[in-house]
Amino acid sequence: MNSKERVRATIAKQPVDRVPLGFYLVDHDTISKVIGRPTYLRNRVAQKIAYAEKVLNKRLINSSTAKNHLTSKTNSLKISS
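Residues numbered from 1 in each chain as written. Predicted model: local features only at pLDDT ≥ 70, side-chain atom pairs only at ≥ 80, totals over all residues. Heavy atoms only, no water.

> So what's going on with the overall build of the protein? Which residues, and what values?
Counting secondary structure elements, the protein contains 3 helices and 0 strands. Of all 81 residues assigned to the protein, the portion counted as buried reaches 11%. Long-range pairs, those at least 24 residues apart, make up 0% of the contacts in the protein with a sequence separation of at least 6. Of the roughly 7400 Å² that the protein leaves accessible, carbon and sulfur atoms contribute 59%. (Helix = DSSP H or I, 4+ residues; strand = E, 2+ residues; numbered from the N terminus. Buried < 20%, exposed > 50% of the residue type's maximum accessible area, 1.4 Å probe, protein only. Contact = heavy atoms within 4.5 Å. Areas by Shrake-Rupley, 256 points an atom, 1.4 Å probe, with all protein chains shown as cover.)

> Give me the lowdown on the side chain of Arg 6, citing residues and values where you can.
Turning to its location among the elements, Arg 6 is positioned in helix H1 (residues 3-11). Relative accessible area serves as the criterion here: at 5%, Arg 6 is assigned to the buried category. Dropping the residues within four chain positions of it, Arg 6 is found in contact with Met 1, Val 16, Asp 17, Arg 18, Val 19 and Pro 20.

> Give me the pattern of salt bridges: which residues, what numbers.
For the coordinates displayed, the defined rule picks out 1 salt bridge. In this structure, Asp 17 engages Arg 6 in a salt bridge whose closest nitrogen and oxygen atoms are separated by 2.8 Å. Of this pair, Asp 17 sits in the loop between H1 and helix H2 (28-35) while Arg 6 sits in helix H1; the two residues are 11 residues apart in sequence, bridging distant segments of the chain. (Salt bridge = Lys/Arg side-chain N within 4 Å of Asp/Glu carboxyl O.)

> Tell me about unusual backbone geometry, and name the residues and values.
Even without a glycine there, the phi angle at Lys 13 is positive, about 60°. Relative to the elements of secondary structure, Lys 13 occurs in the loop between H1 and H2. Taking relative accessible area as the criterion, Lys 13 reaches 70% and is therefore assigned exposed.

> Account for the side chain of Ser 32, with residues named and values stated.
By the secondary structure assignment, Ser 32 is in helix H2. When near neighbours in sequence (up to four residues on either side) are disregarded, Ser 32 contacts Arg 37, Pro 38 and Thr 39.

> Residues and numbers for H1, please.
The α-helix advances 3.6 residues per turn, and as a result positions three or four apart in sequence lie on the same side. Two to three positions downstream of the cap, the backbone nitrogen of Lys 4 sits 3.2 Å from a side-chain oxygen, assigning the N-cap of H1 to Asn 2. Note on H1: the residue one or two positions beyond its end, Lys 13, has a positive phi of about 60°. (Polar contact = N/O pair within 3.5 Å; in protein donor to acceptor, adjacent residues only side chain to side chain.)

Written out as structure tokens, the structure reads:
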């Protein structure tokens with residue numbers, strides 16, 4: 001199976017001998033339509049937004065955990081005094 005046959009078979013949802021690579025000239029909108037779901041492949045803006053959201057959420061979780069930890073320490077000091 002050559003590369004063109006492999007890509008055509010994949011788009012037609014038929015079995016292939018290996019995963020076709022090299023969608024370098026295809027826009028992310030086209031890829032999303034072909035696979036039937038949103039993708040970050042070749043979509044730099046969505047990649048950066050997703051990464052920023054992940055980092056922000058991680059920082060918020062870490063800061064809220066630290067805040068809860070400090071609050072519980074403060075409460076335990078108030079109870080014991």
